[in-house]
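Listed below, chain by chain, are the residues.
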Amino acid sequence: MSKRARKSVPATGAARPTVTVCRGCCCGTPKAPGLDHTAQLRGLRQALDGTASVRVTDCLDACAHANVIVVQPSADGRANGGRPVWLGLVNDLDATADITAWVKDGGPGLADPPGILDLYTFRPSRRVQAELHDE
C-alpha cells in the first residue's frame, strides 16, 4: 500500500466494527464446554462477512469469563460515543446470534445492543483493555 493510500484511512478507527474472538488458554477449548467453538467462529465470520472484521486473538487474560468476545466500534460508532464492549461467557449460539444481529445493526455507538447482552457484558482490568487497543 502506498503512503498516499494510507493517509486516506480514517485516523479514528476502522470503517466497520471489529469483533475480536479470544481463543487462548481457556476460550475456545474444552475448558469452556458445551459449545462447538469452531462452529461459533465460523458462524461469526460468515454472518459478518462484509459488515465487520472478525479476528482471533490469543488469551485476553479474562479467563474467568471464557469465551470472551470484544466488539469494537467503527469509526462512525466511536465518533458517536461508542466504546469497545467486552462480552463474556459467550458459550451458546443464541448469544452469538444476538451479538451478530447487533453488529449488523451498527454495533457500539450506532445501535443499542439487545437487552440480553447486558448479562454477558463485563469490564476487564485497565491493563487488559490497554493491551487489546495496542494491537
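Engineer: Help me out: how do you make sense of the packing of aromatic side chains in this one?
Structural biologist: Each aromatic ring pair is summarised here by two numbers: the centre-to-centre distance and the angle between the ring planes. All chains considered together, the criterion is met by one aromatic pair. Both rings, one in tryptophan 86 and one in phenylalanine 122, keep their centres 5.9 Å apart while their planes meet at 75°; by these two values the pair is edge-to-face. Pair noted here: tryptophan 86 is in strand S4 (residues 85–87) and phenylalanine 122 is in strand S5 (residues 121–122), with a separation of 36 residues, a long-range link. Overall, the relative accessible area of 3% leaves tryptophan 86 in the buried class. Take phenylalanine 122: its relative accessible area is 13%, and that puts it in the buried class.

Engineer: What exactly am I supposed to notice about helix H4 (residues 93–104) here?
Structural biologist: Since one α-helical turn is 3.6 residues long, residues separated by three or four positions face the same way. Over its 12 residues, H4 extends 16 Å from the first C-alpha to the last, a length consistent with the 16 Å expected when each residue adds 1.5 Å. Among all positions in H4, only Ala95, Thr96, Ile99, Thr100, Trp102 and Val103 are buried. Along the long axis of H4, the arc covered by the buried residues comes to 165°, so they all point the same way. Of the exposed residues in H4, those oriented more than 90 degrees away from the buried face are Leu93 and Asp94. Looking at the buried residues of H4, the elements they touch are strand S1 (18–22), helix H2 (37–48), strand S3 (69–72) and S4. Regarding H4, its N-cap is aspartate 92, as a side-chain oxygen of that residue lies 3.1 Å from the backbone nitrogen of aspartate 94 further along.

Engineer: What am I meant to see in the environment of leucine 117 here?
Structural biologist: Here leucine 117 lies in the loop between H4 and S5. Judged by relative accessible area, leucine 117 falls into the buried class, the value being 2%. It is 9.8 Å that separates the C-alpha atoms of leucine 117 and threonine 96, two residues lying 21 residues apart in sequence. In this view, leucine 117 contacts Leu87, Ala95, Asp98, Ile99 and Trp102; residues no more than four positions away in its chain are not counted.

Rules and cut-offs
- Residues numbered from 1 in each chain as written.
- Predicted model: local features only at pLDDT ≥ 70, side-chain atom pairs only at ≥ 80, totals over all residues.
- Heavy atoms only, no water.
- Phe/Tyr/Trp six-rings, centres within 6.5 Å; stacked < 30°, edge-to-face > 60°.
- Helix = DSSP H or I, 4+ residues; strand = E, 2+ residues; numbered from the N terminus.
- Buried < 20%, exposed > 50% of the residue type's maximum accessible area, 1.4 Å probe, protein only.
- Expected span 1.5 Å × (residues − 1).
- Arc of directions from axis to C-beta.
- Contact = heavy atoms within 4.5 Å.
- Polar contact = N/O pair within 3.5 Å; in protein donor to acceptor, adjacent residues only side chain to side chain.

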